[in-house]
Amino acid sequence: MHVPDGFINVPVSVATGAVAAGAVAVSLRGARRELDERTAPLAGLVAAFVFAVQMLNFPVAAGTSGHLLGGALAAILVGPYTGVLCVSVVLLMQGILFADGGLTALGVNITDMAVVTTVVAYALFRGLVKVLPRTRGSVTAASFVAALVSVPAAALAFTAMYALGGTTDIPIGKVLAAMVGVHVLIGVGEAVITAATVGAVLAVRPDLVYGARGLSAPLKLRVGGELVDAAPRETGPRETAAAGPVAAAGPVAARSTRAFWATGLVTALILAGFVSFYASSSPDGLEKVAADQGIDEKTEPHHTDGSPLAGYGVKDIADGRVSGGLAGVIGVGVTVAAGSGVFWAVRRRRGSQESGHAGRSGQAPAGSA
Amino acid sequence: MGAGHAHKLYRHGHSPVHGLPPHCKLAAVFCFVVVVVSTPREAVWAFALYGALLAAVAAVARIPAGFLLRRLLIEVPFVAFAVLMPFVVPGEQVTFLGLSLSVPGLWGAWNVLAKGTLGVAASVILASTTELRALLLGLQRLRLPPLLVQIASFMIRYGDVITDEMRRMSIARRSRGFEASGPRHWGVLAKSAGALFIRSYERGERVHLAMVSRGYTGTMPVIDEVTADRTQWAYAAALPVSALAVCLLGWTL
Amino acid sequence: MTPPTAPPPSLEVRGLAYAYPDGHQALFGVDLTVGRGERVALLGPNGAGKTTLVLHLNGILTAGAGTVAVAGLPVAKRNLAEIRRRVGIVFQDPDDQLFMPTVREDVAFGPAAAGLRGAELEARVVAALRRVGMARYADRPPHHLSFGQRRRVAVATVLAMEPEILVLDEPSSNLDPASRRELADILRSLDITVLMVTHDLPYALELCPRAVILSDGVIVADGPTGGLLGDEELMAAHRLELPFGFDPGAVSRAARPAV
C-alpha cells in the first residue's frame, strides 16, 4: 500500500503530512509513558519485524501494492503510541533506503499505515480484552481479530484519501473493491502472524506484551524462607499502582456481559464466515447476506460514502463463496469493533479511575531500572 | 554477527557525493523529490532533464548504471499498476496497436511512472552513497526526534539479528528434515515467527544491556563530529536548485 | 593484593532478593562485600542467579528487596549514570558487547556517552586498548577479530570508562588456551577491583585469592579460593566440579608465593 511520489495530489499530501506530524508528536508524548529502559529495544525489534513483514509485497491492480502492515502487532506488543512511532520509523526508513513509498507521500503513508492500523487495532484489541475472559488465550484471540480488521480498515482509509486527492480519476468504486478485497486476504495472513507472534511472546515473556500488562499478578518475594510482598516501586509517576489487584477488578455484572459478548462474537464470526461459505450455493444471495449482515454498519464508523462495497462486494476475488464469506467476516469484525468501542467508552466513563488504572497496573517490574 | 553495519545497499567509495555530510544529502534529496512532484505532468521534457540531473549525480558518485537500474526494480509493483491504468480509467479513448486505451489513463500512468521513478532513483543514489549509521546521524542532525532515531537505529541492528537468527532456525529445521512446501506447513512457520521474535529480542536485549551498562541513555554519543560547512551545503544544493529551475520553466512554458 | 580494609568497600550487597516478572525468583537475599583492590571469584552452577546478581550491580535490574552500593554510592535511579561509570561489566558474549563498526568507536562509546570529546577521548581510547594489547587493531571492525581478541576489546571498552570495579561474566568461556593465558595476564596486570563470575574453577583459582559460592540465590560459602575448591563436600553439594586430574591444593601451594 506504499504510495509513491506523485500519486496523491499536493493539497492532500500536505494535509495528511500535517495529520501524520500531529500523530507522531502526540505519540512521542504518549510513548514516554510506555517505554522504559528495557522496552526501548523492544520497540526497535518490533520496527524491524514490521519492516520485514512489509517487505512481502505483491502487486494489486488498482492500489499500488499490497503487503502485511504490522500495525496491530506493534500496538499490542509495545502500546499504541510507540506502535505508531515504530511503523512511522519503518515507513521513513523504507522511503529513504529502499525508495519504497515516496518521500512526499510520507504523510499519506504514515496516516494510512501507521496511524489508522494502529489505532483501529488497538481500540478493537482493548475492547475485546475487556469483554473476553482474562486469559492468555483471549489476548491471542483479540490480537487475531484486531489484526484481521486493521488491514481492511487501512485499505478503506487509503481509498478515502484517494477519493479526496487521487491524481488519476479511476472510479472510486473500483479502487475500493480491489483494495478492500485484496486486503481482506492480507488481513487473514496478518492475523495469523500477529496472533502467532503475540501468543509465542505471551507464553515465554509475558512481561514484553504491553497489551497483556493487566494480566500479571502482583509479585511476592521470598526472603529468608518467608513470603514477603514486593514493595511497590518508588521509581516515579510512570508506574502507577504496581500491586493493584487487577484480576479482581471486574465486577460481577461486567463479567456476565463479557461472557455474553464473547459468545456473540464467536457465533457471529462462525455464522458470517463458515456458514455463509458452506451453506448456500448462490453467490449472489451470499453477497446480499454479507452486505445486510455487516457492510451497511461498516459505512457508519468509517465515513465512506454510501455503501459501495455492497455493490462491488469482494467480487474481484474469483470464488464467489470465498468472497461472500470473507465479506461477512469483515462486516462482523467491523461491527464488533464499533460496538465494543462504544461499549468500552461507556464502561470507561462509568468507572474511569478503576479501569484506567487496571489497564496500566501490574506493569512488569523488571523494567524501570 | 552482532555488528553487521555494512548494508547491501551501500556502495563503498570515495566520490565527492560519498564525502558530503549525510544531513546535506538527505535535505537535498527531499527537496529534489518535492520539486519533481510539483512539476506539471504535461512538461514531459522537464522529467527528461530531471533524469539527466540524476544521471549526472550518479556519474559523479561513480555508481554504475547497471547497479542503479537493478535497484530500480523495487518499483515493479507500481509499474504493474501504471500499466493497468490506461485500461481501467474511463474517458476519451485512443486506439494503439489494436488496443483501446484511455487518454487520462495514459497521462495518469505517465505521471505516476515518471515521478515515482525519479523519486526511487534519488533515494537509491542516497542509500548507495551514505552509510546507514551516517544516515541516522544525518536524521539526528536534521532534528528528527531522538526517540525516532533510537527506534530506527535499533531497528537496523535488529534487522541483522533477525536475519541471523532466521538462518540458524532454518538450518535447525532443515537438519531435522523439515521443508516448507505448502499451506500445510504454515502453522509451523507461524510458530517459528513467534520463536524468532523472542530469540531476536533476547539477543538484542543483551546488546542493549551492554550499551546501557556503558552509559547509553537513548542517544548515540557523538564520537566523530559531523558538521557541514557552507561549501558542502552549496554543493548539496546544486541538485534541488537546478531541479527547481527546471520546474519553474515547466510551469511557465 | 591489598586486604579488604580500606573503607568504603568497592561493592557492598545487602539482603538482595529479586524475582523475574514471570514469577521465577532468582535471588533470595544475597550478602556480599568486596574490598577495594580485591579480586574475587563468584562461583556457582548454571542457574544459580549469577548473571541476575551481576545485572543488579549497575542497576539494570532493580532490587526487589535489599541494597547494593558501589564505593559507598547506593545503586538507585538518581545515581545511575555515575554507578554505570563506576561498574564496568564485561558480558559473556563479546558479540553482544561490541556493536560499533570499529574497535576504536566501540571503546570510545562509554567515555563519549559520559561526555568526553576530542583529544581527551582519543587518549582514553588509546590507553584502554594498550592495556589489553589491542592498540594496533583500533580501526578494524570487531567482527573481523578472533574470539579472544574480541573478548580483550570488550575488556578495553569497559576499562576506558575507568571503573571502580570490573565485573567479568564468564571471562574464560570459549577461549582457546593461549587466549585464556593472555587474558589472565591482562587481568593480573590491572590495578583494579575485580569480581569474576565463572564456573571455570582453575581460572578462578589462578586469578582470585578469594571466592564466594552462589547457589540457589544465596551466598553459601566465602573464603580463600584454594580452600573452597579443596572442600569436596561443599563442591559436590553445589554442583561444582573440578576438571579431571586437577588438584587445587597442589596448584595453590605452587602459586601462593607468586601471589
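Residues numbered from 1 in each chain as written. Chains lettered and ligands numbered in written order. Predicted model: local features only at pLDDT ≥ 70, side-chain atom pairs only at ≥ 80, totals over all residues. Heavy atoms only, no water.

Per an unreviewed UniProt entry, chain C goes by the name ABC transporter ATP-binding protein and belongs to Streptomyces corynorhini. Its UniProt record gives chain C the following Subcellular location (unreviewed entry) comment, quoted word for word: "Cell membrane". (UniProt positions renumbered as here; feature names shortened; annotations may be inferred.)

In the nomenclature of an unreviewed UniProt entry, chain A corresponds to Cobalt ABC transporter permease from the organism Streptomyces corynorhini. Quoted straight from UniProt, the Subcellular location (unreviewed entry) entry for chain A says "Cell membrane".

**Structural notes on the pairing of strand 6 (residues 87-90) of chain C**
All names here are of chain C. Here strand 6 shows no split at all, with Val87 and Ile89 on one side and Gly88 and Val90 on the other all buried. Taken together, the 4 bridges between strand 6 and strand 7 (residues 165-169) define a ladder with parallel strand orientation. Counted as the bridge partner of Val87 is Ile165 from strand 7. (Buried < 20%, exposed > 50% of the residue type's maximum accessible area, 1.4 Å probe, protein only. Helix = DSSP H or I, 4+ residues; strand = E, 2+ residues; numbered from the N terminus. Pairing = 2+ DSSP bridges.)

**Quick word on the packing of helix 3 (residues 44-60) of chain B against helix 6 (residues 103-129) of chain B**
When two helices pack together, their arrangement is given by the angle between the helix axes and the distance between those axes. Residues and elements named next belong to chain B. Two elements in contact, helix 3 and helix 6, have axes whose closest approach is 10 Å; the angle formed by their N-to-C orientations is 15°. Regarding the angle of helix 3 to helix 6, the classification is roughly parallel. The handedness of the crossing between helix 3 and helix 6 is left-handed. Across the interface between the two elements, Val44, Phe47, Tyr50, Gly51, Leu54, Val57 and Ala58 of helix 3 pack against Trp107, Trp110, Ala114, Lys115, Leu118, Ala121, Ala122 and Ile125 of helix 6. Looking at the contact of helix 3 with helix 6 residue by residue, the classes come out as 13 nonpolar, 1 polar and 1 charged. (Axes fitted to C-alpha atoms, helices over the stretch in contact; angles between N-to-C directions. Parallel < 35°, antiparallel > 145°, perpendicular 65-115°, else oblique. Left-handed = near helix turned anticlockwise from the far one by under 90°. Contact = heavy atoms within 4.5 Å. Nonpolar A, V, L, I, M, F, W, Y, C, P; charged D, E, K, R; others polar.)

**Examining the sheet that holds strand 5 (residues 73-74) of chain C**
In any sheet, the strands associate via hydrogen bonds between backbone groups, in a parallel or an antiparallel arrangement. All names here are of chain C. Spatially, the 4 strands line up as an open sheet ordered 2-1-4-5, and their pairing is antiparallel. Strands at the two margins of the open sheet, each flanked by one partner only, are strand 2 (25-34) and strand 5. Two strands pair when backbone bridges link them, and strand 1 (residues 11-19) and strand 2 are joined in this way by 7 bridges, in the antiparallel orientation. Following the sheet pairing, Leu11 is matched in strand 2 by Val34. Sitting on the sheet, helix 1 (residues 50-57) touches strand 1, strand 2 and strand 4 (65-70), and the angle it makes with strand 1 is about 120°.

**So, helix 5 (residues 106-131) of chain A**
Residue and element names in this part refer to chain A. When the terminal C-alpha atoms of helix 5 are compared, their 36 Å separation across 26 residues agrees well with the 38 Å that a helix rising 1.5 Å per residue should span. Where helix 5 bends most, at Val116, the angle is about 25°. With 24 of 26 residues buried, helix 5 is to be regarded as a mostly interior element. (Expected span 1.5 Å × (residues − 1). Bend = angle between axes of the 7 residues up to and from the residue.)

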